[in-house]
Amino acid sequence: MESVIFEILSKGVIISTNSNRFIKEATWLMEDDNFNSLNNTLNKIGLYLIGENGYFYLSKDLKSDEEDRFFNSHKQLILAIAQLKKVFVHLDKGHKIKKSEFIKRFEVKKDEKIIKALFDTDDLMEITDKLFNLLEKNFVIEGKNKKDEYLVLNSIRYYLDIVDAISEGEIDE
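Residues numbered from 1 in each chain as written. Predicted model: local features only at pLDDT ≥ 70, side-chain atom pairs only at ≥ 80, totals over all residues. Heavy atoms only, no water.

Quick look at the domain arrangement of the protein
Domain parsing of the protein yields domain 1 (2-59) and domain 2 (65-167). Tallying the contact residues gives 13 residues for domain 1 and 13 residues for domain 2. Summed over both partners, the interface of domain 1 with domain 2 comes to about 1100 Å²; 51% of that surface belongs to carbon and sulfur atoms. If you sort the residues of domain 1 by the area they bury against domain 2, Ile14, Asn18 and Tyr55 come out on top, with a joint share of 44%. Linking domain 1 to domain 2 there are zero salt bridges. (Domains from an automatic or database assignment. Contact = heavy atoms within 4.5 Å. Buried area = accessible area lost by both parts, 1.4 Å probe. Salt bridge = Lys/Arg side-chain N within 4 Å of Asp/Glu carboxyl O.)

Shown next, in the form of structure tokens:
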């Protein structure tokens, strides 16, 4: 199981404990002995296994140029979550959200700068599909049985903390 989990985490995936897709992996990681064993192994190659707020991810000490690369590689996802947070103000892990509700609220809550940076269209349906696909592809939301409903995974807290830190930084400047 360690090698399977390492393979998943090494791709930058954040494993949420409320994800149906990674239920076996999350359950395994929630066992202290398993978590500690994998973390000790990873420490030998300069990696850290982090488990917090109902999710698990790999980390390492980053140099400033690596921090920039990390941010740039996650920029679209961070912007998508910032827009989602504007539409669903009280967005948090475990919430259920719907595309149809996003569409209803979007026009009043959209951030033109974010939309321009993320999408090359003004078509609301295309924006909605692309946004939800990006979030699902990055394991931030997970489709439920109903076509229109999604579960917000615990990993959203990781990205919301980044969005909040950026927002606070803009206010200070």
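Structural notes on the pattern of salt bridges
Throughout the structure, instances matching the rule amount to eleven salt bridges. Residue aspartate 129 is joined to lysine 99 by a salt bridge in which the shortest nitrogen-to-oxygen separation is 2.8 Å. With a gap of 30 residues between them, aspartate 129 in helix 7 (residues 124-137) and lysine 99 in helix 5 (residues 99-109) connect regions that are remote in the sequence. For lysine 104, the salt bridge is made with glutamate 101, and the minimal N-O distance between the two is 3.6 Å. With a gap of three residues between them, lysine 104 and glutamate 101 both fall in helix 5, about one helical turn apart. Here lysine 104 falls in the exposed class, since its relative accessible area comes to 62%. One salt-bridge network, in which partners are shared between bridges, spans Asp92, Arg157 and Asp161. (Helix = DSSP H or I, 4+ residues; strand = E, 2+ residues; numbered from the N terminus. Buried < 20%, exposed > 50% of the residue type's maximum accessible area, 1.4 Å probe, protein only.)

Here we look at the sheet that holds strand 2 (residues 48-52)
Overall, antiparallel pairing links the three strands, which are arranged 1-3-2 in an open sheet. The sheet is open, and its two edges are formed by strand 1 (15-16) and strand 2, each paired on a single side. Across two bridges, the pairing between strand 1 and strand 3 (residues 55-59) is antiparallel. Counterpart to serine 16 in the pairing with strand 3 is tyrosine 55. (Pairing = 2+ DSSP bridges.)

Looking at the environment of lysine 146
Of note, lysine 146 is situated in the loop between strand 5 (141-143) and strand 6 (149-152). For lysine 146 and lysine 104, which are 42 residues apart along the polypeptide, the C-alpha to C-alpha distance reads 18 Å.

Overview of the packing of helix 5 against helix 7
One way to put it is that helix 5 packs onto helix 7 with a least axis distance of 11 Å and a crossing angle of 130°. The orientation of helix 5 with respect to helix 7, classified from their angle, is oblique. Taken as a pair, helix 5 and helix 7 cross one another with a handedness that is right-handed. Residue-level contacts link Lys99, Phe102, Ile103 and Phe106 of helix 5 to Leu124, Met125, Ile127, Thr128, Asp129, Leu131 and Phe132 of helix 7. (Axes fitted to C-alpha atoms, helices over the stretch in contact; angles between N-to-C directions. Parallel < 35°, antiparallel > 145°, perpendicular 65-115°, else oblique. Left-handed = near helix turned anticlockwise from the far one by under 90°.)

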